[in-house]
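# Examining the three-dimensional arrangement
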Amino acid sequence: MKVEFWKHQSEILIAWLFFIVCSLVLIILGIILMITQSIGYFGMSLSGIIIFLPSVIYIFVNPKVLSKVEYSETGIVWKRFKKIILSMNWSDINSIRRVPVSPYMINLAFVSNNDEIVVEMTKKMCKTIMILCPEPFVKTQINEIEEYKCYH
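Note that the structure is predicted; figures quoted are calculated from it, not measured.

### What to know about the sheet that holds strand β3 (residues 75–80)
Spatial strand order, β1-β2-β3-β4: four strands in an open sheet with antiparallel pairing. Every interior strand has two partners, whereas the edge strands, β1 (3–6) and β4 (83–89), have only one. This sheet shows a mean twist of 20 degrees between the axes of neighbouring strands, independent of strand direction. The pairing of β1 with strand β2 (residues 67–71) spans four bridges and is classified as antiparallel. In the sheet register, Trp6 faces β2, and the bridge partner there is Lys68. Where helix α3 (residues 123–132) meets the sheet, it contacts β1 and β2, and its direction lies at approximately 150 degrees from that of β1.

And the structure:
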C-alpha cells in the first residue's frame, strides 16, 4: 500500500497562493487604471510583475515546493513531478527530529546516514506512518515528540 501527501501543503495553499493572487491583482488593476485614468499607474503593474515573476520561478525551481512524500511498507519516497528526488527505507532511519518553522508549526525530519526528508506532519500522515511503518523505533520516536502526542 502506498499513500502520497503534499510535502509542504500549507506553504503551497497559503503563502504562494497569496503572492500570486496579490501580484495578479496589482497587474490587472494597474492595467485597468492605466487605460482609464493615466499612464502613471504603470508602477502598480510593474510592482505586480516584480512580485509575480520571482514567485513563479521559485515555485518551479525549488524542489521543496510542489513535491510529494509517498509512504509505503518499505519506506519513504520524496517525489517531484513523478521524478524521485530521495528514497529512504524505514530501517535506514537513524533519528527523527523536530524542525521548528514558527512558534505554532513544527515539521518533522526523517534522518538517515546521509539524507534527510523534512515533512509537514498532519494527523492523517501520522496515522498512515503508524499503520505502514514496520519499524518500532520510528513509531517510538514519533510518539515521543510532544507536538504529535495528540495525533493518536
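After that view of the structure, there is still more to cover.
### Here we look at the packing of α3 against helix α4 (residues 136–144)
At a minimum axis distance of 9 Å, the contact between α3 and α4 shows a crossing angle of 150 degrees. When the axis of α3 is compared with that of α4, the two are roughly antiparallel. With respect to the hand of their crossing, α3 and α4 are arranged in left-handed fashion. Note on element contacts: α4 touches α3 through Lys139, Ile142 and Asn143, opposite Cys126, Ile129 and Met130.

Basis of the calculations
Residues numbered from 1 in each chain as written. Predicted model: local features only at pLDDT ≥ 70, side-chain atom pairs only at ≥ 80, totals over all residues. Heavy atoms only, no water. Pairing = 2+ DSSP bridges. Helix = DSSP H or I, 4+ residues; strand = E, 2+ residues; numbered from the N terminus. Axes fitted to C-alpha atoms, helices over the stretch in contact; angles between N-to-C directions. Contact = heavy atoms within 4.5 Å. Parallel < 35°, antiparallel > 145°, perpendicular 65-115°, else oblique. Left-handed = near helix turned anticlockwise from the far one by under 90°.

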